[in-house]
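# Topology and contacts: notes
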Amino acid sequence: MFSEKAKKHADACRFCFMCRHLCPIQLVTGKENNTPRAKGLLVSMTSRGMQMDKGFAVTMYECLLCGACTADCVTGFDPLIFIREARTQAALEGLTPAFAQQVIDKLEETGNVYGAKETRVDFTGIPAEGQTLVWLGSAARYAVSDVAEALFTILKKAGVSFAALKDEPASGCELGDMIGHVEDVRQRAQAAAAAIAKTGAKKVIVLDSHDAAFFLHECKDWGIELPEIETATSFVNNLIKDGRLVPQKKTETVSYHDAARLARDLSELDAAREIIVAMGAELREMYLNEKDNTNPANKACGSSVRATECGSSLMGQMRPDLAVKLCENRYVDLLRGDARIMIAADPQATEALRLSIPEGCEYRDLFVMLAGRL
Amino acid sequence: MELKAFMPGMIFDELADAVGGYDNVSVETSDRATYGVDYFWLGRMWQDRGQVPPMPDWIVRPGSSQEVSKVVKIANYYKIPVHVWGGGSGSQGGALPMSGGILMDMKRMCKLIEIDTISRTITAEAGMIFQLLEWHANEKGFSCQHIPSCLTCGTIGGALAHRGIGIMSSKYGKIDDQCLSMEVVLPNGDIINTLPIPKHAAGPDLNQIFIGSEGTLGIITKATFRLFEQPEVRRFRAFLFRDMNSGYMAGRDIMQKVKPSILRFYDEAETASIIKKILGFEKKGCFMNLAVEGIKRIVDIEMDIILECVKVWGGEDLGSDYGEKWFENRITFFYPGNIMDIPQMFGTMDTAATYANIEKIYWAMKKAIHDKFGDKVRYISHSSHWYEWGCMNYTRFIVDPANVPQDPEKARRLHNEIWNTGVRAAIENSGIINNHHGIGLKLSRLMKEQYGPAMQVMEALKKQLDPNGIMNPYKLGL
């Protein structure tokens, strides 16, 4: 039932405990079955005859797919392979937990995790066709529309001619996270690519790093043709470097949260930081961020990019209780340093980090912050 | 007494009430199954062969010492076994719920309580993964210097429960040297504290009763450790010795004169296998790598003295590269693909002895295993923790897949026979049953052979503290 690849990775992880200290879910729940090794063990047991049950499926959905475990594995094993397949198997066996099924139902009905019919973003004056297309993703379209509008403002101020789709379809990324990269997901990605092609775009600026990683990795693997893909952070940073944007500077101390897919899947660590510096802020790295070179422990073992993920739109919809704990835990990291302003550059991170902001702390979305400085 | 009808559910509700609600308890099969396999080879083999793992009946995740206390009171009332689980990375089966009952997963208790920068101590709850404690210490410019291979997976409580050790032990000590005080929940639910410091003349040190007790006498819930300033420099050096004797003796002389943080000495077989694979070292002989660290001026002198000691015993100086490479890879050794794994059968028979006996033990264990099992059991060894009076042998046996029975019953018998043979050879030659992995289920049956009549001291403690015998049954020979 599981692929040979998934079984191989599960069998490697089932007796290995090396990455459990990095799993953001395990760190807030303390549950053994939230560790990558427990998930590997369960897949391995299932492959050897243990009956899959509802608890198995719950375990597989209590994961952000953030890749902290994968990034840390020095021998290249990847728990995300068998966790995604386990979600597929759970769906095939009719074991998907109710909290996950209601999100899948919304995705299938509306294409977004919120079940929203209308976007909150104001598209007034923005054409639907053009050589440069802004791809927002569902978090910015339905949950944190101020981020989308801030990006529009930034691009307009830089004199960028761009298009955006009021009826932007789902990329397929979120459904892929929920049920694995199955044929249905590929078809959605294909439909998204067709919608992009219809705009005549030569370049797509992608705001949501989940979608950017999905376009660049999964779609590429499937052979789906897309125009040039660039993250919004990278694009905007280049506008600043080219002198097309000159942000007002303000001296303040801030920390930056690396969204997992931006940092780990796309290896993009510098663009957002450079934008922050361009706004005059003094950047203090949170403890164990890869960029925190002051700490020798960072280079001690395993791979880098240890920054803890803060949550995701999917987790917010599936398990709001867990999403709040993840958010709170990230502010604990902030409070370990002397900055009290947390910045992130991804709409899903913004949605997650706005869930529970401790007294004395402030959260800023990078695009919203920059739009206010132009 | 059998629990019938809705009685298990009644206990489940009571446990949920004790630990803050149903989010912190579970009876799900898939949840319980993940506690049935730790790092113990037998548990792993059992799972690999598709057998049903040992499972607890109830999982509880306490969030405080008070909640731990409530759980053990409930367990005592119903006379239900209690197993304590930290990171689950123990190699001796010490956390396996072999008799069902309650499994207490301690990882919710992971708060940092205090860093005392004046006294240089750190205090935290026992469910914290040790790496996180170390990071807290690093953040303030210090280190606990407890750096075991299981740093990222074991908890504070787990390290204490089995008397663990880290790679820096030759300078900074074992966990039982590093722990200053503890909070422990006794089997009757009382919450006690050991004295605030360990160096006193107020009777035996209570710390040393509970450190290494493997959850059989109580549950460690908080602990305070020494902190060390981060070393100004850490210098590595590697050497090659012609035989075991010259390496052991050079190590002794080094330990008498200076305190290296790392001192690792490999027999020919391990030099030709693991050291060759990971470090690319090709020469024949016994490889040694070490590190000295601290203030640069002192370290420079210490390294000169080490070179003099090595020269006396004919060691070849290999420079600093191999030691640095080893240090960079110190955790890499333990990732899947590098570390021994099923379908091999393997085990680490770590023992320790005085310098007068340690080489004798090395050869005695090797001979005993070879005489009984021939070439089908390979034997490699290194010595990685050193003292002024002796050192340990980290002796490993490996049975290649072709010689490992598929039948789980036969595999278990072969495994236990190899262990009995190796450990008895160590004990008969003035060695000890185990140096730093603990006893657990794996070696429980051999504890009486190790202690003889002295075992009654531990049995008396057990009887007094845990009269119902509910705490981690079948472990530690108790």
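Here we summarise the structure given alongside this text. Residue positions are given per chain, counting from 1 as you read along its sequence in written order. Lettering for chains starts from A, numbering for ligands starts from 1, and both go in the order in which the items are written. Totals for whole chains, interfaces and linings use every residue, but because this is a predicted model, local features are given only for residues with pLDDT of at least 70 and side-chain atom pairs only at 80 or more, for both listing and counting. Just so you know, side-chain values use all the structure's heavy atoms and leave hydrogens and water out.

This part covers the sheet that holds strand 8 (residues 179-185) of chain B. Residues and elements named next belong to chain B. Pairing between strands is defined by DSSP: at least two bridges between the two strands are required. Counting from the N terminus, the helices are DSSP H or I runs at least four residues long and the strands are E runs at least two residues long. Read across the open sheet, the five strands follow the order 5-6-10-8-9; overall the sheet is antiparallel. Two strands lie at the open edges of the sheet, namely strand 5 (112-116) and strand 9 (191-193), each paired on one side alone. Going across the sheet, the axis of each strand differs from the next one's by a mean of 10°, ignoring polarity. Relative to strand 6 (residues 121-125), strand 5 is paired through four bridges, and the arrangement is antiparallel. Bridge assignment links Glu114 to a residue of strand 6, and that residue is Thr123. Relative to strand 6, helix 5 (residues 130-139) is tilted by about 145°, and along the sheet it contacts strand 5, strand 6 and strand 10 (219-226). Under this scheme, a helix contributes an axis fitted over its contacting stretch, all axes are lines through C-alpha atoms, and angles between N-to-C directions fall in the 0 to 180 degree range. Whether two residues touch is decided by their heavy atoms; if any such pair falls within 4.5 Å, the residues are in contact.

Between chain A and chain B, the residue contacts involve 41 residues of the former and 45 residues of the latter. By buried area we mean how much accessible surface two parts lose on assembly, using a 1.4 Å probe and totalling the loss over both. The junction of chain A with chain B conceals about 3700 Å² of combined surface from both sides, 62% of it contributed by carbon and sulfur atoms. Of all residues in chain A, Phe15, Phe17 and Met18 of chain A give up the largest surface area on contact with chain B, accounting jointly for 19% of the area buried on that side. Only one rule defines a salt bridge in this text: a Lys or Arg side-chain nitrogen within 4 Å of an Asp or Glu carboxyl oxygen. Remark: the boundary between chain A and chain B carries four salt bridges.

What follows deals with the pattern of salt bridges. For the coordinates displayed, the defined rule picks out 55 salt bridges over all chains. Glu32 of chain A is the partner of Lys107 of chain B in a salt bridge, and the nearest nitrogen-oxygen pair spans 2.6 Å. Of this pair, Lys107 of chain B sits in the loop between strand 4 (102-105) and strand 5 while Glu32 of chain A sits in the loop between helix 2 (24-29) and helix 3 (36-47), on two different chains. The buried label applies to any residue whose accessible area, calculated with a 1.4 Å probe on protein chains only, is under 20% of its type's maximum; exposed applies above 50%, and partly exposed to all values in between. Looking at Lys107 of chain B, the relative accessible area reads 3%, which means it is buried. One network of salt bridges, in which partners are shared, links Asp11, Arg14 and Arg48 of chain A together with Asp48 and Arg49 of chain B.

Residues and elements named next belong to chain A. With respect to the secondary-structure elements, Ser145 resides in helix 9 (residues 145-157). Residue class for Ser145 comes out buried when judged on its relative accessible area of 14%. Sequence-wise, Ser145 and Thr253 are 108 residues apart; in three dimensions their C-alpha atoms are separated by 26 Å. Leaving out residues up to four positions away in the same chain, Ser145 has contacts with Arg120, Val121 and Ala140.

On to unusual backbone geometry. Residues and elements named next belong to chain B. Here Ile342 and Pro343 are connected by a cis peptide whose omega angle stands at 15°. On the secondary structure map, Pro343 appears in the loop between helix 13 (321-328) and strand 16 (345-354). Backbone geometry places Ala5, a non-glycine residue, at a positive phi of 50°. Among the structural elements, Ala5 can be located in the segment before helix 1 (7-18). You will see that Asn472, though not glycine, has its phi angle at about 45°, which is positive. By the secondary structure assignment, Asn472 is in the segment after helix 17 (455-465). With a relative accessible area of 3%, Asn472 lands in the buried category.

So, on to helix 12 (residues 296-312) of chain B. Residues and elements named next belong to chain B. What a helix should span is 1.5 Å times the count of its residues minus one. In a regular helix each residue adds 1.5 Å, so 17 residues correspond to 24 Å; helix 12 covers 25 Å between its end C-alpha atoms and thus fits that length. For helix 12, the complete set of buried residues consists of Val299, Glu302, Met303, Ile306, Cys309 and Val310. Along helix 12, the residues classed as buried sweep out an arc of 120° about the axis, all on the same side. Exposed residues pointing more than 90 degrees away from the buried face of helix 12 are listed as Arg297, Ile301, Glu308, Lys311 and Val312. The inward-facing, buried residues of helix 12 abut strand 12 (233-241), helix 10 (244-257) and strand 14 (286-294). Following helix 12 by one or two positions, Gly314 adopts a phi angle in the positive range, close to 75°. Here the arc refers to the directions that run from the helix axis out to each C-beta atom.

All names here are of chain B. For the pair helix 3 (residues 41-48) and helix 15 (residues 408-428), the least separation of the axes is 10 Å and the interaxial angle reads 165°. Between helix 3 and helix 15, the crossing angle belongs to the class labelled roughly antiparallel. Helix 15 is crossed by helix 3, and the crossing has right-handed handedness. Contacts between helix 3 and helix 15 involve Trp41, Leu42, Met45 and Trp46 on the former and, on the latter, Pro408, Glu409, Ala411, Arg412, His415 and Asn416. Note that Gly is not counted as nonpolar here; it falls among the polar residues with everything else outside the nonpolar set of Ala, Val, Leu, Ile, Met, Phe, Trp, Tyr, Cys and Pro and the charged set of Asp, Glu, Lys and Arg. Residue composition of the contact of helix 3 with helix 15, by class: six nonpolar, two polar and two charged. With respect to orientation, any angle under 35 degrees is reported as roughly parallel, any angle over 145 as roughly antiparallel, any angle of 65 to 115 as roughly perpendicular, and every other angle as oblique. Helix crossings fall into two classes, left-handed where the near helix is turned counterclockwise from the far one by less than a right angle and right-handed where it is turned clockwise.

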